[in-house]
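Fold and contact review
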Amino acid sequence: IYTNLIKLENDPTKTIGLVTLIEDITEIRKLEKMRSDFVANVSHELKTPLTSISGFVETLKSGAIEDEEVKNRFLDIIDIETERLARLIDDILTLSDIENSQHKVLHQEILPSDTLKEVEEMMKPIATNKAIELLTEIDLNLPMIYGNRDWFKQMLINLIDNAIKYTPREGKVQLTAYKRYSNLIISVKDTGIGIPKKDIPRLFERFYRVDKARSRKVGGTGLGLAIVKHIVLSFNGKIKVNSEQDKGSEFIIILPISSAK
Ligand code: ADP
């Protein structure tokens, strides 16, 4: 709070008014805290695979390399952890790229049905690998939308990838897209493990996971949904989650078609 007394010009001993300026720094403080929390989280997340890699390298160097079977097992772990590290860095860069260009979003023409089909083709082998059926119901007359095409694709990939990751073998993932009023609705629904009610409000926070061990096991970075949220925002859209534990989850994206320029 800054306070200034206003004095009478020809008689500075007389005060005629008081100006008080209150600057709200709570928002700035909050942003600073979020930033420093993020740096701390990133450092921690990067350190976990690094510690594991250096641990296994050390063990190999101090003799384990002699045993062919142990050696191969350790090299596999090092391989997995290196991949995790690369994915984490990719996701951090994607997130920061999306956040930094939020005010200068590309307005490319996007034909949703083409991208949806492309993503379906891309994700099918991953689903098949887990004996999961990837079903699609895509309206062929979806209107054109405008925005960053790569981000639109990334958003779909992240949601379908999660649906596959958190659905046990032989489950189903359904991708639906249609137009309702002036919105494009995209739903990704699975028959997976579901999400406890209490966790739903925090899902889109960076590095928030319902079950850290499970996320690690399926190769998650904890950033997938934070990326999705920022992309949805760049389309002026909304995202909703319906979920029931042990039954499945549905992520619904609502993008205004009027986001066209
Ligand atoms: P992660 O890399 O851990 O998957 P995300 O940001 O993509 O990170 O998702 C955050 C958390 O939300 C996940 O760790 C998981 O607990 C939960 N989650 C996301 N999608 C689903 C889903 N389809 N079914 C069940 N849980 C999900």
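Up top you'll find the structure we're talking about.
Residues numbered from 1 in each chain as written. Predicted model: local features only at pLDDT ≥ 70, side-chain atom pairs only at ≥ 80, totals over all residues. Heavy atoms only, no water.

Describing the nonpolar core
- Counting residues in each nonpolar core, the largest one holds 50 residues, and the members touching the most others are Phe152, Met155, Ile186 and Leu255.
- No other element matches helix 4 (residues 149-165), which puts nine residues into this core.
- When near neighbours in sequence (up to four residues on either side) are disregarded, Ile186 contacts Leu116, Phe152, Met155, Leu156, Leu175, Thr176, Ala177, Phe251, Ile252 and Ile253.
- Judged by nonpolar contacts, the second largest core, of seven residues, contains Ile53, Val70, Ile78 and Leu85. (Core = buried A, V, L, I, M, F, W, Y, C linked by side-chain atoms within 4.5 Å. Buried < 20%, exposed > 50% of the residue type's maximum accessible area, 1.4 Å probe, protein only. Helix = DSSP H or I, 4+ residues; strand = E, 2+ residues; numbered from the N terminus. Contact = heavy atoms within 4.5 Å.)

Things to note about the layout of surface pockets
- Considered as a void within the structure, the largest pocket measures approximately 840 Å³ in volume.
- Going through the elements one at a time, helix 2 (68-100), helix 4, strand 7 (183-190), helix 5 (212-217), helix 6 (224-234) and strand 9 (248-256) are the ones with two or more residues in the lining of the largest pocket.
- Each residue belonging to the lining of the largest pocket can be placed in one class, and the counts come to 15 nonpolar, 13 polar and 10 charged.
- Roughly 300 Å³ of volume is contained in the second largest pocket.
- Taken together, 13 residues make up the lining of the second largest pocket; nearest its centre are Met34, Phe38, Phe204, Glu205 and Arg206.
- Listed by contribution, the elements that provide at least two residues to the lining of the second largest pocket are helix 1 (26-61) and helix 6. (1 Å grid on protein atoms, 1.4 Å probe; cavity = no way out; pocket = protein on both sides within 12 Å on 5 of 7 lines; lining within 4 Å. Points joined across faces, edges and corners; volume = space filled by probe spheres on them. Nonpolar A, V, L, I, M, F, W, Y, C, P; charged D, E, K, R; others polar.)

Remarks on a nonpolar patch on the surface
- Taken together, Ile6, Leu8, Ile16 and Val19 make up a surface patch of nonpolar side chains, about 320 Å² in accessible area.
- Residue assignment for the nonpolar patch shows that the elements contributing at least two residues are strand 1 (2-8) and strand 2 (11-21).
- Ile16 gets classed as exposed once you look at its relative accessible area, which sits at 56%. (Patch = residues over 30% accessible without salt bridge, like charges linked within 9 Å, V, L, I, M, F, W, Y side chains within 5 Å. Areas by Shrake-Rupley, 256 points an atom, 1.4 Å probe, with all protein chains shown as cover. Salt bridge = Lys/Arg side-chain N within 4 Å of Asp/Glu carboxyl O.)

Concerning unusual backbone geometry
- At Glu170, a position not held by glycine, the phi torsion is positive, near 70°.
- Here Glu170 shows up in the loop between helix 4 and strand 6 (172-180).
- Backbone geometry at Asn236 places phi at a positive 55°, although glycine is not the residue there.
- Examined against the element boundaries, Asn236 turns out to sit in the loop between helix 6 and strand 8 (238-244).

Some words on the pattern of salt bridges
- Inspection of the entire model under this criterion finds 18 salt bridges.
- Ionic pairing is found between Glu120 and Lys124, a salt bridge with its closest N-O pair at 3.1 Å. With a gap of four residues between them, Glu120 and Lys124 both fall in helix 3 (residues 112-129), about one helical turn apart.
- Its relative accessible area of 31% is what places Lys124 among the partly exposed residues.
- Between Arg214 and Asp211 there is a salt bridge, with its nearest N and O atoms 4.0 Å apart.
- According to the relative accessible area criterion, Asp211 is partly exposed, its value standing at 36%.

Here's the deal with the pairing of strand 6
- In this sheet, strand 6 lies alongside strand 4 (residues 133-138) in parallel orientation, the contact comprising six bridges. Within strand 6, the position partnered with Glu137 by the bridge is Thr176.
- Across eight bridges, the pairing between strand 6 and strand 7 is antiparallel. Each residue of the ladder has a partner; that of Tyr178, found in strand 7, is Ile185.
- Counting the residues in the hairpin turn of strand 6 and strand 7 gives two residues, including Tyr181, whose phi is positive at 50°. (Pairing = 2+ DSSP bridges.)

Notes on helix 3
- Spanning 18 residues, helix 3 covers 26 Å between terminal C-alpha atoms, matching the ideal 26 Å at 1.5 Å per step.
- Within helix 3, the axis deviates most sharply at Met123, by approximately 35°, and proline Pro125 lies no more than four positions further along.
- Within helix 3, the full set of buried residues consists of Pro112, Ser113, Thr115, Leu116, Val119, Glu120, Met123 and Ala127.
- Residues of helix 3 that are buried make contact with strand 3 (108-110), strand 4, strand 5 (145-147), helix 4, strand 6 and strand 7.
- Where helix 3 terminates, the next one or two residues include Ala131, which has phi positive at roughly 55°. (Expected span 1.5 Å × (residues − 1). Bend = angle between axes of the 7 residues up to and from the residue.)

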